[in-house]
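# Reading the structure
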Amino acid sequence: MDMEKIQTIIKEFSTKRDWEKFHNPKNLAMALSVEASELVEIFQWLDLEQAQNLSADKKNHAKEEIADIAVYLIRMCMKLDIDLEEVIVEKMKKNEKKYPLIDENGNKIEYGKKK
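All of the points below concern the structure found in this document. (Residues numbered from 1 in each chain as written. Predicted model: local features only at pLDDT ≥ 70, side-chain atom pairs only at ≥ 80, totals over all residues. Heavy atoms only, no water.)

This paragraph deals with the packing of aromatic side chains. Applying the stated criterion across every chain yields a total of 2 aromatic pairs. Taking the centre distance of 5.4 Å and the plane angle of 75° together, the rings of Phe13 and Trp19 count as edge-to-face. Taking relative accessible area as the criterion, Phe13 reaches 40% and is therefore assigned partly exposed. Taken together, a centroid distance of 5.9 Å and an interplanar angle of 80° make the contact between Tyr99 and Tyr111 edge-to-face. Residue Tyr99 is found in the segment after α5 (84-98), and its partner Tyr111 is found in the segment after α5; the two are separated by 12 residues along the sequence. Residue Tyr99 is classed as partly exposed on the basis of its relative accessible area, which comes to 44%. Since its relative accessible area comes to 45%, Tyr111 is described here as partly exposed. (Phe/Tyr/Trp six-rings, centres within 6.5 Å; stacked < 30°, edge-to-face > 60°. Buried < 20%, exposed > 50% of the residue type's maximum accessible area, 1.4 Å probe, protein only. Helix = DSSP H or I, 4+ residues; strand = E, 2+ residues; numbered from the N terminus.)

So, in structure tokens, the structure goes:
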């Protein structure tokens, strides 16, 4: 993913529409939440099999909502001067420590498996 290219596209789109005044972290966080809710709505009332086998229309709708989420997330990073790639790598390192593969006794940990 060419993040600079995407940021330029997003910035130009917003600037041409004079939306800069609305794109503050508070408003972007709210917009991000709304778009995430719209993605959730696609899956509402579906069973697991239906959720994994969306119709072409629902899959296209999901793709659009995912793109909206990504745009607002990237925009938020731009406003807060956050390097998205860097913070993802940092968070995954924290997750590796929080959810190790081996416990303190040297036993393999199997997440999601009933004991």
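Alright, that's what it looks like, and here's the rest.
This next bit is on the side chain of Arg75. Position of Arg75 relative to the elements: it lies in helix α4 (residues 56-80). When near neighbours in sequence (up to four residues on either side) are disregarded, Arg75 contacts Ile10, Lys11, Ser14, Glu20, His23 and Leu28. (Contact = heavy atoms within 4.5 Å.)

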